[in-house]
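# Overview (structure and organization)
Read off the chains here:
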Amino acid sequence: MSLADIRQFLRVDTPKAWLDKAISQIPILLIDHAHCEKKAAATALNLMYRYPERLELQQQLSRLAREELRHFEQVLELMPSRNVHFRSLPPSRYAGGLRQQVRKEEPGQLIDLLIIGAFIEARSCERFAALAEVIPDQELADYYRFLLRSESRHFRNYLKLAERYAKVDISERVEQFRIIENEFIISPDKQFQFHSGVPA
């Protein structure tokens, strides 16, 4: 899936104000990026444990988790030469805010979690592409371009799994999450992180 397809799926691009802030906050950007990769692996593993009877989910998310952990390791490797030290960060409003909308009953809960996974991966892909065009650190820019293919594939896999297990059209539910996701991206946000909104 192309970057244009992903941007069309998201509807809202990363605001320039966020990109300007990111360039001035490379240490936080790297630390939170590493956390995001680790959380992405944990999310995939959690879904595997919760839905062991879903064979296609097991196969796809197993590969995804391994790839996300490798990305986590790669981001850690980029830190020492930039004098950045990995540490804990407070959770952002983005993923948690999306998960507040998850239905309690099945299969709605599974479908919603997969749709959220698709949005997180799509937004990551869109931001990597945007950062690669403006960040002055050429090694980081090249690395973000390298990540585009895998993030795009992860987005596509999550969305296809949601469509497969829903067995009905999910476009209305996707739109509901899109409205919420877009609001997190374009509204003021006091906390700067990889998926934060417009710097307040």
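- Under an unreviewed UniProt entry, the protein chain has the name tRNA-(Ms[2]io[6]A)-hydroxylase and belongs to Permianibacter aggregans.

### Concerning unusual backbone geometry
- Cis geometry marks the peptide bond from E106 to P107; its omega dihedral reads 0 degrees.
- Along the polypeptide, P107 turns up in the loop between α5 (93-99) and α6 (108-134).
- One non-glycine residue, K167, lies in the positive phi region at around 65 degrees.
- Counting through the fold element by element, K167 comes out in the loop between α7 (138-166) and α8 (171-186).
- Taking relative accessible area as the criterion, K167 reaches 72% and is therefore assigned exposed.

### Overview of helix α1 (residues 3-10)
- Inspection of α1 places I6, F9 and L10 among the buried residues, and these make up the whole buried set. Seen end-on, α1 carries its buried residues on one side only, within an arc spanning 95 degrees. Seen from the buried face of α1, the exposed residues on the opposite side, beyond 90 degrees, are A4 and Q8.
- Downstream of α1 by one or two residues, R11 has phi in the positive range, about 75 degrees.

Analysis parameters
- Residue positions are counted from 1 within each chain, in the order its sequence is given.
- Totals for whole chains, interfaces and linings use all residues, but because this is a predicted model, local features are given only for residues with pLDDT of at least 70 and pairs of side-chain atoms are given and counted only at 80 or more.
- Only hydrogens and water are set aside; all other atoms, that is, all heavy atoms of the structure, feed into the side-chain values.
- Secondary structure elements are taken from DSSP: a helix is a run of H or I of four residues or more, a strand is a run of E of two residues or more, and numbering for both begins at the N terminus.
- Residue exposure (1.4 Å probe, protein chains only): buried if accessible area is under 20% of the type maximum, exposed if over 50%, otherwise partly exposed.
- Think of it as the arc spanned by the lines of direction from the helix axis to the C-beta atoms.

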